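# Structural features, examined
Spelled out from the first residue to the last, the chains are:
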Amino acid sequence: MAVQPEVEKKGLWRSFTEGADDIFTRITAGISAGEFRRMLRGEPPGRPNPRLKPHSEAFLLHIKPTYYHESVTRFTHTFRLGILSTYLFLFETITGIFLMIWYTPSPDQAYADMIAILSNVPYGQFMRDLHRLGAEMMVAIVTLHMVRTYLTGSYKPPRQFTWFTGVILLVVTLFLSFSGYLLPWDQLAFWAVTIGTSMAEAVPPKIVGETVNLLARGAPDISANGLLRFYLLHVLFLPLVLFLFFFVHYYKVVHFGISLPASEEEVGQDTANKVPADKRVYFLPDVLIDETAVLIAFTTLMIFLVTFFFSAPLESIANPQSTPLHTVAPWYFYWLQGMLKIADKTFAGVILPGVLLVLLMAIPYLDPNPSRRVRDRRVAIISGIVAGVVMIILSWMGTPQYAAQAAPPVEVVQEMMPEEGAGIVREIGYDEIPNGVYDTRNDLPAMYPEEEYPGMHEILVEFEDNIKYWDKRDSDFNEAYGVLTVSQEQPNLKRLDWDIRWLDAEGVEGSFQRSFWLHKDSLYWEEYGLKDFGYLMPTEEEQ
Amino acid sequence: MRKPWYSIFYVKSPIAKIGLGILAVLAGIVLVLFLMATENKRMDAQTASWEGRSIEKGASLFIANCASCHGLDGKGLPVVAPALNSRYFFSQRIDDVGFTGSLKQYVKGTIHSGRPSKVSTQWVNIMPTWSNQVGGPLREDQVDQLVDFVLNWEEEAMAQTPEEDPWQFFQDSLSKQLPYSPDEPGYDEKVAEAIAAAEAAGAVGYEIGGVAAEAPTEGEGDAAAGPRAPEDLFASLGCAGCHNINADQTDESKGPVGPNLGNLADHAGSRVDGEDAETYVHQSIVDPGAFVVPGYMNGVMPQNFADQMSEDEIQGLVEWLLSH
């Protein structure tokens, strides 16, 4: 069609607006500019509803329902946990690809790449922190999603299989998070994954366990091949598995509809797909606006947390020859570590989690109760809460607090200056620690008052308290005192010698020494907590 | 139906949600801009931080592996190993040996591959290979940490006067220049040391610190010079670095590295059954490991004195030590 006769017929302005409207309608797959304005104004759709067109035209919308029941769109019914889980998968993919640009899955290179990402890539630390926080959030949100589904009884018929695939997605999420754990190739990663894969070794019979372990690690111990395998699992295989099961899961969600609040239907009934016309909330525009707003707000929350309160840890480079004191799994595996402390590896590490997992998947098939109402499900809800409390107790037992204490003097020094990670002394830092000899038999906090030595005062109080704490607790650690000697080793490098002395139950003297060095420029941080913005202060030269 | 308390979360208004979305976008942009503004400083701080951490790790490796020869303060031990915490080392060494890379690469190469022994050297121990790529005990990243630690002496070393500089000049690779200015204290002594090292190696036609050495005249060569005096040997071979000749070895006063030699004659004859004082002292010089005085470590005293002195000189030294 020639352009000119068209313009002559309609005039320039009208041809322009009609052309623009046409383009707008193509982009939105069927929503004209006028309809879009009416949406924003909150006007009801005409009949037939022109806002359904994108659902049949556009690929991305054809999997979304055209309308929802009003009751399930309430924030407190789903807390948007499902879409947040899906979004986090996308979020992790994007931040993960960014990190992949600078990452080489080789023990010679991986750790140096992490340091390069932190110190040489603009927004490198930001992306790494986002990726790590996103991973932890994903585990938390997927779990909460499951808890919500359990408490509202939404796994009951006809949604048993949806729950089943959901448990698979939870497991894949845990494996995804765990496989990514190894990639920085630091001590934290190496030892957490060594412990994790050694559990695979406990799978009975022996030949199977050893083979699984060998396949995962690529060698008897984790090394170059193990790192490559975990990398491929993390960036390729597990995301594909998750992708597949996500679509199965989501198809089932759409197919059966989101279950209504139990109070709104009869026991045994499922009316989620029979939405009366006055209860319909259309995806376009209401649910779309709602979901977009939630996702944007969530993204900003993540950016906010990462800017001020969350820093992905990076310890020393992996050293297969030295296991750091108090090696812990990521927090979402504390419960497993707790179980391993009270039972043997095969039972607590393989059989029990395996049985629990099968039980979890089978819940909808085992639960004979047709009612989803809370007052009809006392047993289910109480046992759910008990299971949650047991998980929390087991998780606490998984931390070094429980039954994994070293000798008191080792713990005292570990508390002040751990082998890996920050600790109070490193966080206070070089500048606030004057050279000298600090003997806890003297009244150190009074000798170094808070007004004059704010950082050193805190360290010395902590040092004294730690020694007193263990003195009281351990009968083999009496009349203990500690001497901290701080000396200048090199320009900008201090040496801290910790010397702890005590009498054991028989009155025999014991001593423990440990030396650490602290450089002026070293920054140490904890994973959670306000970030240190000290580097924004002008340096001495600038002042 | 009464609405539950949490019904405040049932937000229906699209305007409220769009408003929340827009506010969140704006807040996100502000945060990202804040990061952008501080990103350069953050990257600088991170770079410095990882260097600092590397130096911390290097310090503990140095104490464990290197300090026994190069000294706790890196100032070297006489005839055992050269100083690293030295102004000469930081400013002149790589020029003198003709190394074309940077000092960092020089240090890394030396730690990594060691220094195979030469035919003639004044150092007792050879520098072993440290990297596990060439049979040593350390991983490559640990070698890098050591390099960072050694180079961190720069500030301290560059502030040394020639007098304070602990550098001992090599006899097998001569100094061509000195990094000091003639008006600094100790300059002349340092030049004399460098020349003495060159002479000990029998070098000719060199120029050190602007002092051109004369070619040795007839009869000045090593062979013609006759046995060197024991007191000179005691100083030039570095014995005095570990043995104090002016103090007695008693229970109250013991030499920290090697026994004091002031009263050597009193107990030299009784240390080993069947050896008189002369035999014992002679053997202790040529084969220090044969008997080690309790409380001292084997392997500290150089094993190659028999190559550095003639038999006459050793005899002279034994007599001098016992009669001193």
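## Topic: the overall build of chain A
Of the regular secondary structure elements, chain A holds 21 helices and 6 strands. Along the longest, intermediate and shortest principal axes, the C-alpha atoms of chain A span 100 × 65 × 45 Å. Here chain A holds 543 residues, and the buried ones make up 49% of them. A separation threshold of at least 6 residues defines the contact pool for chain A, and within that pool the share at least 24 residues apart is 70%. Accessible area of chain A: about 27,200 Å², with a carbon and sulfur share of 64%. Here chain A contributes 43 positive and 63 negative side-chain charges, whose respective centroids are spaced 16 Å apart.

## Description of unusual backbone geometry
Leaving glycine aside, a negative phi is the common case for residues, and trans is the common case for peptide bonds. Here the bond from A:Pro157 into A:Pro158 is cis, since omega is 10°, no more than 30 degrees from zero. Take A:Pro158: it is sitting in the loop between helix 9 (124–151) and helix 10 (160–181). A cis amide bond links A:Pro204 with the next residue in sequence, A:Pro205, at an omega value of -10°. The residue A:Pro205 is located in the loop between helix 11 (187–201) and helix 12 (206–217) in this model. Positioned with a positive phi, A:Tyr123 is a non-glycine residue whose angle comes to about 65°. For A:Tyr123, the location among the structural elements is in the loop between helix 8 (110–120) and helix 9. With relative accessibility at 18%, the residue A:Tyr123 sits in the buried group. Of note in this structure, B:Val79 is not a glycine but carries a positive phi near 55°.

## Here's the deal with the nonpolar core
In terms of nonpolar packing, the biggest core is built from 75 residues, with A:Leu88, A:Trp185, A:Phe298, A:Met302 and A:Phe333 touching the most fellow members. Not counting residues within four places of it along the chain, the set of residues in contact with A:Phe298 comprises A:Leu84, A:Tyr87, A:Leu88, A:Met137 and A:Ile141. Counting residues in hydrophobic clusters, the runner-up holds 42 residues, among them B:Cys66, B:Ile94, B:Ala157 and B:Ile208.

## As for the sheet that holds strand 4 (residues 478–490) of chain A
An order of 3-4-5-6 (chain A) is seen for the 4 strands of this open sheet, with the pairing classed as antiparallel. A strand with exactly one partner marks an edge of an open sheet, and here the two such strands are strand 3 (436–439) and strand 6 (509–519) of chain A. When the angles between neighbouring strand axes are averaged without regard to direction, this sheet yields 15°. Here 11 bridges tie strand 5 (residues 493–503) of chain A to strand 6 of chain A, and the two strands are oriented antiparallel to one another. Looking at strand 6 of chain A, one finds that A:Leu496 is bridged to A:Phe516. Sheet strands in contact with helix 1 (residues 14–65) of chain B are strand 4, strand 5 and strand 6 of chain A, and its direction is about 135° off that of strand 6 of chain A.

## Considerations on the interface of chain B and chain A
Chain B puts 47 residues into the contact, and the matching count from chain A is 49 residues. Note on chain B versus chain A: buried area summed over both sides is about 4,400 Å², and carbon and sulfur give 64% of it. In this structure, the connection of chain B to chain A is made through 2 salt bridges. Between B:Lys12 and A:Glu70 there is a salt bridge, with the nearest N and O atoms lying 3.3 Å from each other. Scanning the region where chain B abuts chain A turns up 22 residue pairs in polar contact (both at pLDDT 80 or more). Elements represented by at least two residues in the side of chain B that touches chain A include exactly helix 1, helix 6 (140–151) and helix 7 (154–158) of chain B. A breakdown of the residues in the side of chain B that touches chain A according to their chemical character gives 26 nonpolar, 9 polar and 12 charged.

## With respect to the domain arrangement of chain A
Residues and elements named next belong to chain A. Entries for chain A in the domain assignment read domain 1 (3–62), domain 2 (69–398) and domain 3 (408–536). Here domain 1 and domain 2 have C-alpha centroids that lie 41 Å from each other. With 8 residues of domain 1 at the interface, the matching set in domain 2 holds 4 residues. Across the domain 1/domain 2 interface, buried area totals approximately 540 Å², and carbon plus sulfur atoms make up 81% of it. Our count for the contact surface shared by domain 1 and domain 2 stands at 0 salt bridges. For the pair domain 1 and domain 2, the interface holds 0 residue pairs in polar contact (both at pLDDT 80 or more). Of the residues belonging to the side of domain 1 that touches domain 2, the class tally is 5 nonpolar, 2 polar and 1 charged.

## Overview of helix 1 of chain B
Since the α-helix packs 3.6 residues into each turn, any two residues three or four apart lie on the same face. If you look at helix 1 of chain B, its biggest bend is around 50°, right at B:Thr38. Capping of helix 1 of chain B at its N-terminal end is provided by B:Ser13; its side-chain oxygen lies 3.2 Å from the backbone amide nitrogen of B:Ile15.

## A few points about the packing of aromatic side chains
Scanning the entire structure with this criterion turns up 53 aromatic pairs over all chains. Relative to A:Phe91, the ring of A:Tyr87 lies with its centre 5.9 Å away and its plane at 50°, an arrangement referred to as tilted. Of this pair, A:Tyr87 and A:Phe91 are both found in helix 7 (residues 81–100), 4 residues apart, which corresponds to roughly one turn of the helix. A residue is classified by how much of its surface remains accessible, and A:Tyr87, at 17% relative accessible area, is buried. Their ring planes at 65° and their centres at 5.1 Å tell us that B:Phe99 and B:Tyr106 sit as a pair that is edge-to-face. Taking relative accessible area as the criterion, B:Tyr106 reaches 7% and is therefore assigned buried. An aromatic cluster is present here, built from B:Tyr88, B:Phe89, B:Phe90, B:Trp123, B:Trp167, B:Phe169 and B:Phe170 joined pairwise through their rings. Positioned above the aromatic ring of A:Tyr481 is the side chain of A:Arg441, whose terminal nitrogen or guanidinium carbon lies 3.7 Å from the ring centre.

## Quick look at a nonpolar patch on the surface
All names here are of chain B. Taken together, the side chains of Ile-22, Leu-23, Val-25, Leu-26, Ile-29, Leu-33 and Met-36 make up a nonpolar region of the molecular surface, amounting to roughly 660 Å² of accessible area. The topology assignment puts Val-25 in helix 1. Relative accessible area serves as the criterion here: at 37%, Val-25 is assigned to the partly exposed category.

## Regarding the side chain of A:Thr173
Positionally, A:Thr173 belongs in helix 10. For A:Thr173, the residues in contact, after removing those within four places along its chain, are A:Met138, A:Val139, A:Val142 and A:Leu242.

## Comments concerning the environment of B:Ser323
All names here are of chain B. One can find Ser-323 in helix 14 (residues 311–323). For the pair formed by Ser-323 and Asn-85, sequence separation is 238 residues and the distance between their alpha carbons is 38 Å. Side-chain polar atoms of Ser-323 contact the backbone oxygen of Glu-319, separated by 2.9 Å.

## What about the state of the cysteines?
Working definition of a disulfide: a covalent bond connecting the sulfur atoms of two cysteines. Evaluation of the coordinates by the stated rule reveals 0 disulfides over all chains. Of the cysteine sulfurs around B:Cys66, a residue in no disulfide, the closest is that of B:Cys69, at 8.7 Å.

## Here's the deal with the pairing of strand 5 of chain A
Residues and elements named next belong to chain A. Buried residues dominate strand 5, accounting for 9 of its 11 residues. Summarising the sheet, strand 4 and strand 5 pair through 10 bridges and their orientation is antiparallel. The residue bridging Thr-485 from the neighbouring strand is Asp-497, located in strand 5. Linkage of strand 4 to strand 5, two consecutive antiparallel strands, is achieved through a turn of 2 residues, within which Asn-492 is found at a positive phi near 65°. Hairpin connection from strand 5 to strand 6: 5 residues lie between these consecutive antiparallel strands, with Gly-507 at a positive phi of about 85°.

## Details of the domain arrangement of chain B
Residues and elements named next belong to chain B. Segmenting chain B into domains produces domain 1 (68–212) and domain 2 (227–323). Listed per partner, the contact involves 7 residues of domain 1 and 10 residues of domain 2. Approximately 500 Å² of surface area, both sides summed, lies buried where domain 1 meets domain 2, with 62% of it carried by carbon and sulfur atoms. Ranking the residues of domain 1 by area buried against domain 2 places Pro-78, Val-79 and Val-124 at the top, with a combined share of 65%. At the junction of domain 1 and domain 2, the tally comes to 0 salt bridges. Where domain 1 packs against domain 2, one counts 0 residue pairs in polar contact (both at pLDDT 80 or more). A per-class count over the side of domain 1 that touches domain 2 returns 5 nonpolar, 2 polar and no charged.

Rules and cut-offs
- Residues numbered from 1 in each chain as written.
- Chains lettered and ligands numbered in written order.
- Predicted model: local features only at pLDDT ≥ 70, side-chain atom pairs only at ≥ 80, totals over all residues.
- Heavy atoms only, no water.
- Helix = DSSP H or I, 4+ residues; strand = E, 2+ residues; numbered from the N terminus.
- Buried < 20%, exposed > 50% of the residue type's maximum accessible area, 1.4 Å probe, protein only.
- Contact = heavy atoms within 4.5 Å.
- Areas by Shrake-Rupley, 256 points an atom, 1.4 Å probe, with all protein chains shown as cover.
- Lys, Arg positive; Asp, Glu negative; His and termini not counted.
- Charge placed at Lys NZ, Arg CZ, Asp CG, Glu CD.
- Core = buried A, V, L, I, M, F, W, Y, C linked by side-chain atoms within 4.5 Å.
- Pairing = 2+ DSSP bridges.
- Axes fitted to C-alpha atoms, helices over the stretch in contact; angles between N-to-C directions.
- Buried area = accessible area lost by both parts, 1.4 Å probe.
- Salt bridge = Lys/Arg side-chain N within 4 Å of Asp/Glu carboxyl O.
- Polar contact = N/O pair within 3.5 Å; in protein donor to acceptor, adjacent residues only side chain to side chain.
- Nonpolar A, V, L, I, M, F, W, Y, C, P; charged D, E, K, R; others polar.
- Domains from an automatic or database assignment.
- Bend = angle between axes of the 7 residues up to and from the residue.
- Phe/Tyr/Trp six-rings, centres within 6.5 Å; stacked < 30°, edge-to-face > 60°.
- Lys NZ or Arg CZ within 6 Å of the ring centre and 35° of its normal.
- Patch = residues over 30% accessible without salt bridge, like charges linked within 9 Å, V, L, I, M, F, W, Y side chains within 5 Å.
- Disulfide = S-S within 2.5 Å.

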